[in-house]
2 protein chains.
Amino acid sequence: MPDQEGEELVERAEPGPEMEIVHLLRAVAVDLGRHSTRFAQRNGMHPTDVRALIALMDAARAGEETTAGHLGTALGLNSAGTTALVDRLERAGHVRRVRDARDRRKVTIEVDERAIALGWSHFGPLIDRAVDLLRGYDERELAAIRGFLTGMRKAAV
Amino acid sequence: MPDQEGEELVERAEPGPEMEIVHLLRAVAVDLGRHSTRFAQRNGMHPTDVRALIALMDAARAGEETTAGHLGTALGLNSAGTTALVDRLERAGHVRRVRDARDRRKVTIEVDERAIALGWSHFGPLIDRAVDLLRGYDERELAAIRGFLTGMRKAAV
DNA sequence: TCTATTATCTCGCTCAGCAAGATACTTGTT
DNA sequence: AACAAGTATCTTGCTGAGCGAGATAATAGA
C-alpha cells in the first residue's frame, strides 16, 4: 500500500468540493438503478421489463400511443428481442397487444391498470420522499438543483 | 387543504414544480446509464463489466483491495457468475488476478493501468463538465444540491 | 491431526437478446 | 386493378451472461 498522499493516479481532476457531488450523483444513479432492479426481481421481472413499463407509462403520460417498434427502439432492442419482451410482459398480464385499426401492421402496447398500481406501490414512496425533500428548498435552491441536473443530462448525451 | 387524503391525490394527479425535478433526476439516472452502456459497447464490454471496473476503481480509491468474492457481492452475482466476469475482464486485459499471499484461497483483482486510462478518456469529459457546472454555484446552492442527492440516496435504499 | 469453514472454480442449464428471414399489411406506380 | 416496393411485427436458430449445485483448495479451530 502506498504511503504517499494516496490519490495521484485516479483523481486526475483536482478533488475539490465539486468532486464529492460528482460522486454523489453517480451513487444516486446507481442506487436508483438498484431500486428498479429490486422491484423487477420482487415481481419476477427483468430490468428490461421495468424499463419497458416506464417507457410505456412515460409515453402514455405524454399522450402518445406506443407501438412495438417504438418500444424496441426506445430500449435499444431489435425486433426479435422486442417481440420476446412484449410476449413476456403480456404473459405476465402487465400489457395488452392491440392491433392498430388504421394501420393493421402496427401493434400498440397498452399498460394494464394493475401494472400501473404495482409500479406506484413501489416507486410512489420514493417520489413522495423526493417531493418532501424539494419542498424544503426555496426558489433559488430549486433552480440550482434543476440547473445542475439539466446540465448533466446535456453532458451525458 | 382541509383534507389530507385529497391532498395526496392531487399531488399525484397534478404534478407541481417538484415533480418536474423528480422526473429530471430519473432522466439523469437513465442518461448516465446510457452513457456507461455506450462506453461498454464501444469497447466490446457488457454493462456488468463496466460496473465491475467502476466498483474496483472505487475500492482502489478508498485504499481497499477487492477480492473476487467482494466484487461478486457488490454486483449481486453468485460465485459462478463472478468467475465468468473476472474471466472476461482478464481475457480483455482490463484486470489481473493476483493470489493473496497471506490467504492463498483469496484472489484479489487489480485493474490494469490502461483500463483506467480508457475509463478516464470516456468519463473524464463528463466529470469535467460536472465540475464546471458546479463551480457556477455558491455555497448555499451547492448545499441544496448535495442535500437533495444525499436525501435521495437514503430514500432509494 | 481431523473437521468445519471459507474462497474460488467447474459443470450443466435457462433464458434474454441477436441475425436473418418469413409473414402480413399498406402505399405508390402503372 | 394489379403488382412491386416499403414497413411493422413475428419466427427460427443461435450465442452468451448468469444461476444452482457441487468440486477443489486453503485456512482456522479443536
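Every value quoted in this text rests on a predicted model; they were computed, and no experiment measured them.

Engineer: Quick one: what's the story with the protein's contact with DNA strand D, residue by residue and with numbers?
Structural biologist: Lining the immediate environment of DNA strand D, one finds 21 residues, of which Gly69(A), Ser79(A), Arg97(A), His46(B) and Thr48(B) sit closest. Among the atoms of DNA strand D close to the protein, meaning within 4 Å, 65% are from sugar or phosphate groups. The separation between a phosphate oxygen of DNA strand D and a polar side-chain atom of Thr48(B) is 2.5 Å. For DNA strand D, a phosphate oxygen lies 3.0 Å from a polar atom in the side chain of Arg88(B). Of all the secondary-structure elements, those providing two or more residues to the surface near DNA strand D are α3 (68-75) and α4 (79-91) of chain A together with α5 (79-91) of chain B. Per-element accounting of the surface near DNA strand D gives the leading share, 3 residues, to α4(A). Partitioned by chemical class, the residues of the surface near DNA strand D number 5 nonpolar, 8 polar and 8 charged.

Engineer: Residues and numbers for the environment of Ala40(B), please.
Structural biologist: Residues and elements named next belong to chain B. Along the chain, the position of Ala40 falls in helix α2 (residues 17-42). Given the relative accessible area of 1%, Ala40 is considered buried. C-alpha of Ala40 to C-alpha of Val50: the two residues are 10 residues apart in sequence and 6.3 Å apart in space. Ala40 has contacts with Met45, His46, Pro47 and Val50, leaving out every residue within four places of it along the chain.

Engineer: With reference to specific residues and values, describe the protein's contact with DNA strand C.
Structural biologist: Taken together, 21 residues lie around DNA strand C, and His46(A), Thr48(A), Arg105(A), Gly69(B) and Ser79(B) are the ones closest in. Of what DNA strand C places within 4 Å of the protein, 67% of the atoms are sugar or phosphate. A distance of 3.1 Å separates a phosphate oxygen of DNA strand C from a polar backbone atom of Asn78(A). The separation between a phosphate oxygen of DNA strand C and a polar main-chain atom of Val107(B) is 3.1 Å. At the level of secondary structure, the elements contributing two or more residues to the surface near DNA strand C comprise α4 of chain A together with α4 (68-75) and α5 of chain B. Here the surface near DNA strand C takes 3 residues from α5(B), the largest share from any one element. For the surface near DNA strand C, the per-class residue count stands at 5 nonpolar, 8 polar and 8 charged.

Engineer: Go over the nonpolar core, please, and point to the residues and values.
Structural biologist: The biggest cluster of nonpolar side chains holds 82 residues, and the ones touching the most others in it are Ile145(A), Phe148(A), Leu149(A), Ile145(B), Phe148(B) and Leu149(B). In contact with Ile145(B), not counting residues within four places along its chain, are Ile21(A), Ala144(A), Ile145(A), Phe148(A), Leu134(B) and Tyr137(B).

Engineer: I'd like a description of the relation of the copies chain B and chain A, backed by residues and values.
Structural biologist: Rotating chain B by 180° and translating it 0.0 Å along the rotation axis places it on chain A, where the RMSD comes to 0.1 Å. Such a combination of turn and shift is consistent with a two-fold rotation axis. When C-alpha positions in chain B are compared against the rotation axis, the closest is assigned to Ala29(B), at 2.3 Å. In this assembly, 98% of the residues forming the interface of chain B have copies in chain A that are likewise at the interface, indicating an isologous arrangement.

Engineer: Please set out the packing of helix α3 (residues 47-61) of chain B against α5(B) residue by residue, giving values where relevant.
Structural biologist: Residues and elements named next belong to chain B. It is the contact of α3 with α5, at a shortest axis distance of 10 Å, that shows an interaxial angle of 85°. Relative to α5, the element α3 is oriented roughly perpendicular. Seen from α3, the contacting residues are Thr48, Asp49, Ala52 and Leu53; seen from α5, they are Leu85, Arg88 and Leu89. A breakdown of the residues in the contact of α3 with α5 according to their chemical character gives 4 nonpolar, 1 polar and 2 charged.

Engineer: Give me the lowdown on the interface of chain B and chain A, citing residues and values where you can.
Structural biologist: Between chain B and chain A, the residue contacts involve 54 residues of the former and 56 residues of the latter. In this assembly, chain B packs against chain A so that about 5600 Å² is buried in total across both faces, 67% of it on carbon and sulfur atoms. At the boundary of chain B and chain A, one finds 12 salt bridges. A salt bridge links Asp138(B) to Arg140(A), with the nearest nitrogen and oxygen atoms 2.3 Å apart. Linking chain B to chain A there are 16 residue pairs in polar contact (both at pLDDT 80 or more). Among the elements that make up the side of chain B that touches chain A, the one with the highest residue count is α2(B) (18 residues). Among the residues making up the side of chain B that touches chain A, the classes are represented as 29 nonpolar, 6 polar and 19 charged.

Cut-off values and rules
- Residues numbered from 1 in each chain as written.
- Chains lettered and ligands numbered in written order.
- Predicted model: local features only at pLDDT ≥ 70, side-chain atom pairs only at ≥ 80, totals over all residues.
- Heavy atoms only, no water.
- Near = heavy atom within 4 Å.
- Polar contact = N/O pair within 3.5 Å; in protein donor to acceptor, adjacent residues only side chain to side chain.
- Helix = DSSP H or I, 4+ residues; strand = E, 2+ residues; numbered from the N terminus.
- Nonpolar A, V, L, I, M, F, W, Y, C, P; charged D, E, K, R; others polar.
- Buried < 20%, exposed > 50% of the residue type's maximum accessible area, 1.4 Å probe, protein only.
- Contact = heavy atoms within 4.5 Å.
- Core = buried A, V, L, I, M, F, W, Y, C linked by side-chain atoms within 4.5 Å.
- Least-squares fit on C-alpha atoms with pLDDT ≥ 70 in both.
- Axes fitted to C-alpha atoms, helices over the stretch in contact; angles between N-to-C directions.
- Parallel < 35°, antiparallel > 145°, perpendicular 65-115°, else oblique.
- Buried area = accessible area lost by both parts, 1.4 Å probe.
- Salt bridge = Lys/Arg side-chain N within 4 Å of Asp/Glu carboxyl O.

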